[in-house]
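# Coordinates in review
So you can see what is in the structure, the chains are spelled out below.
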Amino acid sequence: MTAPVLQTTRRCPYAPPDEHTRLRDTASGISQVTLPSGQVAWALGRLEHIRAMLTDPRFSSDRQHPNFPRFTREQPAFGLMRPSMIQLDPPEHGPARKAVIGEFTVRRMAGLRPRVQQIVDEHIDAMLAGPRPADLVRALALPVPSLVICEQLGVPYRDHDFFQSHSSALLSRNVTADERQQAVKELRDYLKELIAEKAADPADDLLGRQLAQGNDPEDVLSLAFLLLIAGHETTANMISLGVVTLLERPDELVALREDPARTLPAIEELLRVYTIAEFANSRVAVEDVEMGGVTIRAGDPVLALSNAANHDPSAFDEADEIKLDRGARNHVAFGFGIHQCLGQNLARMELQIVFDTLFRRIPTLRLAAPADRLPYKNDAFIYGIHEVPVTWEDPA
Ligand code: HEM
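How each quantity is defined
Residues numbered from 1 in each chain as written. Predicted model: local features only at pLDDT ≥ 70, side-chain atom pairs only at ≥ 80, totals over all residues. Heavy atoms only, no water. Pairing = 2+ DSSP bridges. Helix = DSSP H or I, 4+ residues; strand = E, 2+ residues; numbered from the N terminus. 1 Å grid on protein atoms, 1.4 Å probe; cavity = no way out; pocket = protein on both sides within 12 Å on 5 of 7 lines; lining within 4 Å. Points joined across faces, edges and corners; volume = space filled by probe spheres on them. Nonpolar A, V, L, I, M, F, W, Y, C, P; charged D, E, K, R; others polar. Near = heavy atom within 4 Å. Polar contact = N/O pair within 3.5 Å; in protein donor to acceptor, adjacent residues only side chain to side chain.

- Taking an unreviewed UniProt entry as the reference, the protein is identified by name as Cytochrome P450 belonging to Actinoplanes oblitus.

## With respect to the sheet that holds strand 4 (residues 134-135)
- In spatial order, the strands read 4-10-9; together these 3 strands make up an open sheet with antiparallel pairing. Because the sheet does not close on itself, it has two edges, and the strands there are strand 4 and strand 9 (366-367).
- As paired elements, strand 4 and strand 10 (residues 389-391) share 2 bridges and run antiparallel to each other. Its bridge partner being in strand 10, Asp135 is matched across the sheet by Pro389.

## Some thoughts on the layout of surface pockets
- Of the voids in this model, the second largest pocket is the one considered here, and its volume is about 290 Å³.
- Lining of the second largest pocket is provided by 17 residues; of these, Leu142, Ser168, Glu233, Lys377 and His386 occupy positions nearest its centre.
- Where the lining of the second largest pocket is concerned, the elements lending two or more residues are helix 5 (136-141), helix 7 (160-171) and helix 10 (217-247).
- Considering each element in turn, the lining of the second largest pocket owes the most residues, 4 residues, to helix 10.
- Classifying every residue of the lining of the second largest pocket by side-chain character gives 8 nonpolar, 5 polar and 4 charged.

## Some details on unusual backbone geometry
- Here the residue pair Pro90 and Pro91 is connected by a cis peptide bond, since its omega of 5° sits within 30 degrees of zero.
- Note that Pro91 resides in the loop between strand 3 (59-60) and helix 3 (93-101).
- The linkage connecting Arg132 with the following residue, Pro133, adopts the cis geometry, with an omega of -5°.
- By the secondary structure assignment, Pro133 is in the loop between helix 4 (106-129) and strand 4.
- Phi at Thr275 takes a positive value of approximately 35°, unusual for a residue other than glycine.
- Within the chain, Glu318 stands out as a residue other than glycine whose phi angle is a positive 40°.
- Looking at the element boundaries, Glu318 is found in the loop between helix 13 (306-309) and helix 14 (344-361).

## Observations concerning the site of the ligand
- Residues in contact with the ligand amount to 29 residues; listed here are only the nearest, His93, Arg97, Arg283, His339 and Cys341.
- A distance of 3.0 Å separates an oxygen atom of the ligand from a polar atom in the side chain of Arg63.
- For the ligand, an oxygen atom lies 2.8 Å from a polar atom in the side chain of Arg283.
- Of all the elements in the fold, those that place two or more residues in the shell around the ligand are helix 3, helix 10 and helix 14.
- The element contributing the most residues to the shell around the ligand is helix 10, with 7 residues.
- Taken together, the residues that form the shell around the ligand break down as 18 nonpolar, 8 polar and 3 charged.

Next comes the structure, spelled out in structure tokens:
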């Protein structure tokens, strides 16, 4: 019997695709599926299995491995750059992460807060001064994280049209292999030139400091590429999805506005229910592993159905409900284990400042289109919304 082709379209934006729920709720929670690439992969639907995999060195993050789970028929463009930390296993992963972890500590993030607040305020000012309805994605959700990561890295934000279009091409499922390869090359060449400039004229920014520490410019290039891609579309999508969800729950929004201590737990719940990087925790087995009564063989691709796992009823009470005060942090929206998201403190801080500031400054903010008609991103590797029309009343 051939394994069924995996469906990935969400019927409800904050619920896993029905098929993923069904796969999770089978006796073992582990099934074989056929990916759009034609590969037959194990699909893990339960939280305990995904967490076990992510802490087990018998599973590799080597995205260049020919059997790493893929969503396209073509092999991705490799060999254009050295692998970055997200593709490395121990012992190479540790030093690559250690070289930059100091840039993302809670303390470092606290130091960035005033600037992030200023960026958010300026974008809200500009939105308020512009026409109504406004597209929240273009006015706020995309530029804020994009500007923040650019300033952190030392990438000129004036080039944002260039790298935003390239990074969204890389995250889209609707581009050909050639187009994707071209986007990687152009973005690589852009960053390579920038790093060469910084090597010649030292700069006090993340990339400049990496070079000053004596790190190889080729490794700094791979790091820059990873951070630029990982750093803006992800948080941008969570801002859009979060704003829509909160606007749809006016009573809870009032409670949130009156008590900012509620914002961080709400963010955690939004991360869990949406699980935008739903397949990012996937791996390839490099040794045989017994799990949930099945034998995963060395060389088998393993797909983490992280969204289904984050709605696993054995891990979360009323798992399909959005409970903004749930306070559960055992989800895998930021991954788990050695590759757990390096930028999570930054993402939480940006989301917190955006939500607190937006709803405080524009209490009459509302959607200008029904939430269920919005263009949700079923065509991208990272879930989100392409456009969110919003409007508001003039202040009394
Ligand atoms: C890793 C999700 C924001 C940088 C990851 C992983 C996930 C994830 C699931 C694990 C991948 C794996 O195990 O293979 C998210 C989500 C975000 C977000 C949902 C926003 C809401 C960011 C930001 C940055 C960032 C803002 C950087 C500025 C990274 C890096 C890794 C990573 C560098 C690789 C870490 C490693 O391999 O050690 N992210 N991310 N992410 N993320 Fe994020």
